[in-house]
Amino acid sequence: MTRSRVVRRWLSLTGYVFAVFFYCASLTPSLLPRSVLFQGVVSGLTAVLGYALGATLSALGRRLPRQAPPRAERILWRVVLVLSPVLILLFLALGTRWQQDLRTRLDMPRVETYDILTLVGVSVLTFAVFLLIARAVRLGTRSLVRLLARWVPRPVAYAAGVLVVGYLLFGV
């Protein structure tokens, strides 16, 4: 029997692209200024939601008969890893400017530039924690389905496993 791990592979390329896009979108202006910690949590949660959407689309795409060759995926990873920090820095700068404008209009104190490091740190930590939680839930669901599949047909085991885990998550 093989042992399952919470982190069994690296991030999905599509999930990573969606996470960066959602992260940048979370830094766009809102009606009220946000504190640095709140913005960090919101950005981290938004990036996790983007990653979940992208990873789901990637998993559905792997079911298609035709896939991109590994060389093309490596090239895409390099392009994305070069462009994403530039895009994130641009939106951090724009987001900070938008927040400063909002704070000035509402007579609130301005945010210091060193708070950007706090924002990025909190958002990365939030992203990592929620990604690990999601992967642990997925691992638990798979383990429960494997256990149930010993006694009932596989489709019934999948349905029961998903329902049990969904019920437990809803209860928590």
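These notes cover the structure that comes with them. Values in this document were obtained by computation on a predicted structure and should not be read as measured data.

**Quick word on the nonpolar core**
Next, step 1: Membership of the largest hydrophobic core is limited to 12 residues, which are Ala 19, Tyr 23, Leu 27, Val 36, Ala 47, Val 48, Tyr 51, Leu 92, Val 111, Leu 119, Phe 127 and Leu 131.
Next, step 2: Where this core is concerned, the elements lending two or more residues are α1 (13-26), α2 (36-62) and α4 (115-148).
Next, step 3: Among the nonpolar cores identified, the runner-up in size contains 6 residues, and Leu 13, Tyr 16, Cys 24 and Val 80 belong to it.

**Describing the packing of aromatic side chains**
Next, step 1: Enumeration according to the criterion identifies 4 aromatic pairs in this entry.
Next, step 2: A centroid spacing of 6.5 Å and a plane angle of 40° characterise the contact between Phe 18 and Phe 22, whose relative ring orientation is tilted. With Phe 18 and Phe 22 both in helix α1 and 4 residues apart, the pair spans about one turn of that helix.
Next, step 3: What makes Phe 18 partly exposed here is its relative accessible area of 24%.
Next, step 4: Ring plane angle 85° and centroid distance 6.1 Å describe the contact between Tyr 51 and Phe 127, whose orientation is recorded as edge-to-face. Placement of the pair is Tyr 51 in helix α2 and Phe 127 in helix α4, with a sequence separation of 76 residues. With respect to burial, Tyr 51 and Phe 127 carry one shared label: buried.
Next, step 5: In textbook terms, an aromatic cluster arises when at least three aromatic residues are bridged by ring pairs, as seen for Phe 18, Phe 21 and Phe 22.

**A short note on the environment of Trp 77**
Next, step 1: Tracing the sequence through the fold places Trp 77 in helix α3 (residues 70-105).
Next, step 2: Sequence separation between Trp 77 and Val 17 is 60 residues, and the spatial gap between their C-alpha atoms is 9.5 Å.

**Looking at the side chain of Ser 12**
Next, step 1: With respect to the element layout, Ser 12 can be found in the segment before α1.
Next, step 2: In this structure Ser 12 comes out as buried when scored by relative accessible area, which is 6%.
Next, step 3: A distance of 3.4 Å separates a polar side-chain atom of Ser 12 from the backbone nitrogen of Thr 14.

**Some words on a nonpolar patch on the surface**
Next, step 1: Residues Val 41, Leu 45, Leu 125, Val 129, Phe 130 and Ile 133 make up a contiguous nonpolar surface patch of roughly 490 Å² in combined accessible area.
Next, step 2: Only α2 and α4 provide two or more residues apiece to the nonpolar patch.
Next, step 3: Considering each element in turn, the nonpolar patch owes the most residues, 4 residues, to α4.
Next, step 4: Locating Ile 133 in the fold gives a position in helix α4.

**Brief notes about a positive patch on the surface**
Next, step 1: Taken together, Arg 138, Arg 142, Arg 146 and Arg 154 make up a surface patch of like positive charges.
Next, step 2: The element that contributes the greatest number of residues to the positive patch is α4, accounting for 3 residues.

**Let's talk about helix α5 (residues 154-171)**
Next, step 1: The end-to-end C-alpha distance of α5 is 25 Å, a good match for the 26 Å that 18 residues give at a rise of 1.5 Å each.
Next, step 2: For α5, the set of buried residues is Ala 157, Gly 161 and Val 165. Buried residues in α5, looked at end-on, bunch into an arc of 50°, giving them a common side. For α5, the exposed residues set more than 90 degrees away from the buried face come down to Pro 155, Leu 163, Tyr 167, Phe 170 and Gly 171.
Next, step 3: If you follow the buried residues of α5, they end up packed against α4.

Conventions and cut-offs
Residues numbered from 1 in each chain as written. Predicted model: local features only at pLDDT ≥ 70, side-chain atom pairs only at ≥ 80, totals over all residues. Heavy atoms only, no water. Core = buried A, V, L, I, M, F, W, Y, C linked by side-chain atoms within 4.5 Å. Buried < 20%, exposed > 50% of the residue type's maximum accessible area, 1.4 Å probe, protein only. Helix = DSSP H or I, 4+ residues; strand = E, 2+ residues; numbered from the N terminus. Phe/Tyr/Trp six-rings, centres within 6.5 Å; stacked < 30°, edge-to-face > 60°. Polar contact = N/O pair within 3.5 Å; in protein donor to acceptor, adjacent residues only side chain to side chain. Patch = residues over 30% accessible without salt bridge, like charges linked within 9 Å, V, L, I, M, F, W, Y side chains within 5 Å. Areas by Shrake-Rupley, 256 points an atom, 1.4 Å probe, with all protein chains shown as cover. Salt bridge = Lys/Arg side-chain N within 4 Å of Asp/Glu carboxyl O. Lys, Arg positive; Asp, Glu negative; His and termini not counted. Charge placed at Lys NZ, Arg CZ, Asp CG, Glu CD. Expected span 1.5 Å × (residues − 1). Arc of directions from axis to C-beta. Contact = heavy atoms within 4.5 Å.

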